[in-house]
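So the chains spell out like this:
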Amino acid sequence: MKAIFTYIILFLPLVVFSIEFKVIEGQATIQNKKTNLVVIFSGQTVLEVNEFIIKAEEALEFSSTNRNDQIRILVNSQDSALIQGNLYANSPLTIECKGNLAVDKEAKIQGSERVSLISSTSEILGSVEVKNGEIEILAQQIDLTGAHVSVADELNAGSIYIGKSNFTKRTASKVRIDSNSFLCASSLIEGNGGTVIIWSEDQTDFSGKIESRGGSLKGNGGLVEVSSKTNLICQGSIDRRAPCGAAGLLLLDPEADIIIQNSGIQSGSFGMGPPFNYTPSSASNIILIGPGPGTLLEYLDQGDVTIQTSYIGPTGPLGGRITLTDNMVYSSPYNLTLLANGENLVIQAQLENRGEGAIALEAPNGSIQISPSTGKEATVLAGGGVSISNVGGDVLLQGGAGVGEKVIIGDNAPLPPTGSFSMTDVTGNLIIQAGTNEDTSASILSQAGTITIEVGGDITMSSGPASSSEVCICGVPGNAINISCGGDLIMEKGVNNAADYMLIGNETFDPITLNIGGMFRMVGDVGFGGPVLATYGNITAAIGTDIYWESSPSAKTVIFGQTSAHFTIGGTAQLINPEIISNDFEILP
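Just so we're clear, the structure is a prediction, and the values are computed from it rather than from any experiment.

**Here's the deal with the overall build of the chain**
Looking only at helices and strands, the chain features one helix and 63 strands. Intrachain contacts of the chain at a sequence separation of at least 6 include 66% that bridge at least 24 residues. Carbon and sulfur atoms make up 49% of the accessible area of the chain, which amounts to about 22,400 Å² in all.

**Side note on the pairing of strand 10 (residues 93-97)**
When you tally the buried positions in strand 10, you get five out of five residues, the bulk of the element. Across the two faces of strand 10 the burial is the same, with Leu93, Ile95 and Cys97 and Thr94 and Glu96 all buried. Pairing analysis gives five bridges linking strand 7 (residues 70-75) to strand 10, with the strands arranged parallel. Opposite Val75, over in strand 10, you have Cys97 as the bridge partner. Sheet topology places strand 10 next to strand 13 (residues 114-118); four bridges connect them, and they run parallel. Across the sheet, Leu93 pairs through a bridge with Val115, a residue of strand 13.

**Observations concerning the nonpolar core**
Of all hydrophobic cores here, the largest spans 130 residues; its most connected members are Phe52, Phe62, Ile73, Val226, Ile370, Ile453 and Phe520. The biggest single contributor to this core is strand 4 (residues 36-49), with five residues. When sequence neighbours within four positions are dropped, the list of residues in contact with Ile453 reads Phe421, Met423, Leu430, Ile444, Ile459, Ile473, Asn482, Ile483 and Ser484. Within the second largest apolar cluster, seven residues are counted, among which are Cys472, Val532, Ala534 and Phe560.

**Quick word on a nonpolar patch on the surface**
Nonpolar side chains collect at one region of the surface, where Leu188, Ile189 and Leu217 lie side by side and expose about 270 Å² of accessible area between them. Note on placement: Leu188 falls in the loop between strand 21 (182-184) and strand 22 (195-198).

**Details of the packing of aromatic side chains**
Evaluated as defined, the whole model comprises six aromatic pairs. Centroid distance Trp549 to Phe585: 6.5 Å. Interplanar angle 50 degrees. Geometry classified as tilted. Of this pair, Trp549 sits in strand 58 (residues 547-550) while Phe585 sits in strand 63 (residues 585-588), and the two are 36 residues apart along the sequence. Take Phe585: its relative accessible area is 29%, and that puts it in the partly exposed class. Judged by centre distance (6.1 Å) and plane angle (55 degrees), the rings of Phe567 and Phe585 are tilted. Placement of the pair is Phe567 in strand 60 (residues 564-569) and Phe585 in strand 63, with a sequence separation of 18 residues. The rings of Phe520, Trp549, Phe567 and Phe585 are connected pair by pair, giving a single aromatic cluster. Here the guanidinium or amino end of Lys164 rests over the ring plane of Trp199, the centre of that ring lying 5.2 Å away. Geometry around Phe182 places Lys209 over its ring, the cationic atom sitting 5.4 Å from the centre.

**Here's the deal with the sheet that holds strand 49 (residues 459-462)**
Ordered in space as 32-29-34-37-40-43-46-49-52-55-58-61, the twelve strands form an open sheet in which the pairing is parallel. Only two strands of the sheet have a single partner each, and these edge strands are strand 32 (285-288) and strand 61 (573-576). Each neighbouring strand pair of the sheet contributes to a mean axis angle of 10 degrees, computed without reference to strand direction.

**Some points on the pattern of salt bridges**
Following the criterion strictly, the structure yields twelve salt bridges and no others. With a shortest N-O distance of 3.8 Å, Glu201 and Lys229 are connected by a salt bridge. Taken as a pair, Glu201 in the loop between strand 22 and strand 23 (203-206) and Lys229 in the loop between strand 25 (223-226) and strand 26 (231-234) lie far apart in primary sequence, 28 residues in all. By relative accessible area, which is 24% here, Glu201 ends up partly exposed. You can call Lys229 partly exposed: its relative accessible area is 33%. Each of the salt bridges in this network shares a partner with another, and the network as a whole consists of Arg213, Asp239 and Arg241.

**Some remarks on the sheet that holds strand 11 (residues 100-103)**
Strand order in the open sheet made by the eight strands is 5-8-11-14-17-20-23-26, with parallel pairing throughout. Either end of the sheet is taken by a strand with one partner, and the two such strands are strand 5 (53-54) and strand 26. Bridge count between strand 8 (residues 81-83) and strand 11: three bridges; the pairing is parallel. In the strand pairing of strand 11, Leu82 is matched with Ala102.

**Some thoughts on unusual backbone geometry**
Looking along the chain, the bond that leaves Gly290 and enters Pro291 is cis, with omega of 10 degrees. Residue Glu113 is not a glycine yet carries a positive backbone phi of 70 degrees. Following the sequence through the fold, Glu113 ends up in the loop between strand 12 (108-111) and strand 13. Here Glu113 falls in the partly exposed class, since its relative accessible area comes to 33%.

**Re the confidence of the model for the chain**
When pLDDT is averaged along the chain, the result is 87; 88% of the residues meet or exceed 70. This stretch, residues 1-16, has a pLDDT under 50; its non-local contacts, to residues over four places away or in other chains, come to 34 contacts.

The rules we used
- Residues numbered from 1 in each chain as written.
- Predicted model: local features only at pLDDT ≥ 70, side-chain atom pairs only at ≥ 80, totals over all residues.
- Heavy atoms only, no water.
- Helix = DSSP H or I, 4+ residues; strand = E, 2+ residues; numbered from the N terminus.
- Contact = heavy atoms within 4.5 Å.
- Areas by Shrake-Rupley, 256 points an atom, 1.4 Å probe, with all protein chains shown as cover.
- Buried < 20%, exposed > 50% of the residue type's maximum accessible area, 1.4 Å probe, protein only.
- Pairing = 2+ DSSP bridges.
- Core = buried A, V, L, I, M, F, W, Y, C linked by side-chain atoms within 4.5 Å.
- Patch = residues over 30% accessible without salt bridge, like charges linked within 9 Å, V, L, I, M, F, W, Y side chains within 5 Å.
- Salt bridge = Lys/Arg side-chain N within 4 Å of Asp/Glu carboxyl O.
- Phe/Tyr/Trp six-rings, centres within 6.5 Å; stacked < 30°, edge-to-face > 60°.
- Lys NZ or Arg CZ within 6 Å of the ring centre and 35° of its normal.
- Axes fitted to C-alpha atoms, helices over the stretch in contact; angles between N-to-C directions.
- pLDDT = per-residue confidence, 0-100.

Take a look at the structure:
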C-alpha cells in the first residue's frame, strides 16, 4: 500500500517543536511527553521534513519495539538542519540533508546499531554515540570541532566511518578533525577494539584523538585508517594498544607522494566552516618522524603502522612515491610497513628498529632504492627482521660518494635479533653497488635467521675503488643463505679498480644454496679484493647456463665450501686461476 501521509505540528506551552513530518513509508505516530517529542514507528519507516531543528531545550526520540525496524529522515530544505538538543533512537537511524547538518556543542545524538548522518556539508561540535554499533558521517565537506564520536562498549566495540561509507560508494571531498575532537572505538572490559576510518578525496586534516583499544581484561586493538586520495595531514593521537592482547594497526593511505622526515608539515589554508575551502601548497604529504605527539614514533609505540600510497600514473605529482629523508632510529615491538604503489620507494637515511618489531618494504609498481643522501648512512635494520617483497622493478643498494655513506640492510643489534632477511617476488634486478669513497660499502647482513633472496632478473655485486667499500651478502651462526634469480649472478667490479671484496657467505657450517637461471660470473679485478663465495659447510648451486671464474694477480676469485661445493650447470665452465678450497668439489653438467 502506498505510504500514509501525516502532518503533525505540536505547540507546547514551554517547548515548541516546529517539525512537520510527512510519512513516506512505514507507519509512525507522535506522542507528546511534556518536554519530549516521541515518534513511535514500525517497519522500514521514511519520514520527510522541510525543516529539521531541535532546539537546546528539546529532545526528540524515535522508538520502535522491533530491533529490525529502521527510521530514515529526509530533510528537503537547502537550509541547515540544526541539532542543539538531544536526539535518541533505539533502532538504526539515518538523517539525510540536502544542505548543511550542524550538531551543536551541547547536542547529543544517541542511537542503537547504526547512526548515519548524510548531508552536503556537516559541522559536528557535539556528541554522537552508538554502543557497539556503527556511526557514519558523510558529506562533501566535514568539520569536527570538539566533537565526541563513540562506538565504545564494555565488550566488542563498533565502527566509525567519516567521509567514507560502509554501505555506499559515497565519499567526502574534505575532512577536518580538530585537536579537541575525540573518536572512540575501544572495548572497555572484554573484547576487541573497533574500526575507525577517516577518508577524503581531496584533503584530510586530522589533529584529534582516536582510541581503538582492546579490553582491559581481554581483546586486541582495532584498525584505524587515516587517509586521503590526495592530501593528508595526520598529526593527532592514535591509540591502538591492548593490555591483554595484540595492539591494533594504523594505516596511513594517501594516493599522493609521502615524505617521511623530521620537520615540516603539509601546509595550506583550510577554512573553519562551510565550504571549508582548502588550497594545498604541495602535492607531497609529509609524515613527521618525531618524537612527540602525533608523530610516527608515537604511532609505533602503540601498534603496527602501515604507510601506503596508491598508484595514479607513471609520472606527475601523484606518483605514489614514499621517501625517507631523515634518520629514524627507534625501539618498538611493533611492525612498520612501507608500501609504495606508485613509482618508487626511496630510503636515504637510517631506518632502524632496535626493538623486536620488523620492517617491510614493498613497491609493486616501481623500484626500491636504498642509497644515502649527502653525509648520511642508508640503513634498513630491524630486530624482528627485514623483508623486501612485491617489487615491480629493481632493488638498488648503492653506497654514496662521501666518506661513510654506506648501505646496510638486515636484522639488527644491540638487542639479540629474532628475525631474518628476505627479498622475494622482485620482478627486476638486484644491484648491490658500493660507493666511490672510503667506508661506502653496501651490505645485506643477518645475525639471526635465514637470508632468502629471490629476484626475476640479474643479481649484480660491485665493490668500490676505496678501502671499506666492499659489497656482501653475509650471515653469522644459524644463517643459511638461499639465493635465486632468473638471470645472471655477477660478482665483478668492471672498469674501476676494486679495492675491496665482494662476498656471499658466512663464517659457519650453514649451507649456501644458489639457483641461477643464467650465468654465474666471478671476476677478480685489479686491486686488493675479489669475489668470494664462502662457507665452512655445503655449497649447492644450480646454474642455468655457464660458469666463468677468473682471478687477477692481486684479486683472487675464491670458492670456499669446506665441506662440499657442488655445481650443476646447463652450459660450459671456464675457470681462470680461481682459488678453490673444498673437501668435495665438483662441477657437473
